[in-house]
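Summary of the model geometry
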Amino acid sequence: MSTYHINEATFDVPDGWPDQSINIFPSSRDVPTEFSLVVSRDEPQEGEQLDDYVARQLKQLYEQLPNLRVLRREELTVGGEPALEAEFTWRADAGTMRQRQVYIVRDGKALTLTATAQERLYAKYEAVLDDIVSSFSFRR
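Note that this is a predicted model, so its numbers are computed, not measured. (Residues numbered from 1 in each chain as written. Predicted model: local features only at pLDDT ≥ 70, side-chain atom pairs only at ≥ 80, totals over all residues. Heavy atoms only, no water.)

**So, the packing of aromatic side chains**
A full pass over the atoms with the stated rule returns five aromatic pairs. Summarising the aromatic geometry, the rings of Tyr4 and Phe11 are spaced 5.5 Å apart at their centres and angled 50 degrees between planes, so their arrangement reads as tilted. Taken together, a centroid distance of 6.4 Å and an interplanar angle of 75 degrees make the contact between Tyr53 and Tyr103 edge-to-face. Here Tyr53 is found in helix α1 (residues 50-64), whereas its partner Tyr103 is found in strand β7 (residues 95-106), with 50 residues between them in sequence. Residue class for Tyr53 comes out buried when judged on its relative accessible area of 2%. The exposure class of Tyr103 is buried, given its relative accessible area of 1%. (Phe/Tyr/Trp six-rings, centres within 6.5 Å; stacked < 30°, edge-to-face > 60°. Helix = DSSP H or I, 4+ residues; strand = E, 2+ residues; numbered from the N terminus. Buried < 20%, exposed > 50% of the residue type's maximum accessible area, 1.4 Å probe, protein only.)

If you want it as structure tokens, here you go:
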């Protein structure tokens, strides 16, 4: 068994169980919300490095989202760890959506921060996301 930590508690889970937990932070309780931040966890495939992991994730997005357009992809550092950030748009029923994903592969685990808003509202929340990413630190 391994001890797992969440914000509210710790508990034991069997060794080898993958952590695919998700934290969701909407900008309000309104549905649909203007902006959301989702933190998700995954395990990279055997031997998969950050670049490979991001390429696979973006390939899946191209397959799932109509008219996906990558606006930028760049390297950055988050919480002292190397990271990759991708920003893109796609068309949805609610209109054009804009999303920014920050990918970190650390200690054999992948962490993705995903910020999503309608294109017309994205600029309103861009600084909030920048603040969240710059404040990010890992428990040591």
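Now that the structure has been shown, the text picks up again.
**Focus on the pattern of salt bridges**
In this structure the tally under the stated criterion is 13 salt bridges. Here Glu85 and Arg72 are joined by a salt bridge, their closest N and O atoms 2.8 Å apart. Linking Glu85 in strand β6 (residues 81-92) with Arg72 in strand β5 (residues 69-78), this pair joins segments that are 13 residues apart in sequence. We note a salt bridge from Arg100 to Asp130, for which the minimum N-O separation is 2.6 Å. Pair noted here: Arg100 is in strand β7 and Asp130 is in helix α2 (residues 122-135), with a separation of 30 residues, a long-range link. Assessed through its relative accessible area of 5%, Arg100 is described here as buried. Residue classification places Asp130 among the partly exposed positions, given a relative accessible area of 37%. Here the residues in one salt-bridge network are Arg72, Glu74, Glu85, Glu87, Arg98, Arg100, Glu119 and Asp130, joined through shared partners. (Salt bridge = Lys/Arg side-chain N within 4 Å of Asp/Glu carboxyl O.)

**Focus on the sheet that holds strand β4 (residues 35-42)**
Pairing is antiparallel across the open sheet formed by six strands, whose spatial order is β3-β4-β8-β7-β6-β5. Across the chains shown, the open sheet's two edge strands, defined by having one partner strand only, are β3 (22-26) and β5. Adjacent strand axes in the sheet meet at a mean angle of 15 degrees when their direction is disregarded. The pairing of β7 with strand β8 (residues 109-118) spans ten bridges and is antiparallel. Residue Arg100 lies in a different strand from β8, and its bridge partner there is Ala115. α1 rests against β4, β5, β6, β7 and β8 of the sheet, and its axis sits at about 155 degrees to β7. (Pairing = 2+ DSSP bridges. Axes fitted to C-alpha atoms, helices over the stretch in contact; angles between N-to-C directions. Contact = heavy atoms within 4.5 Å.)

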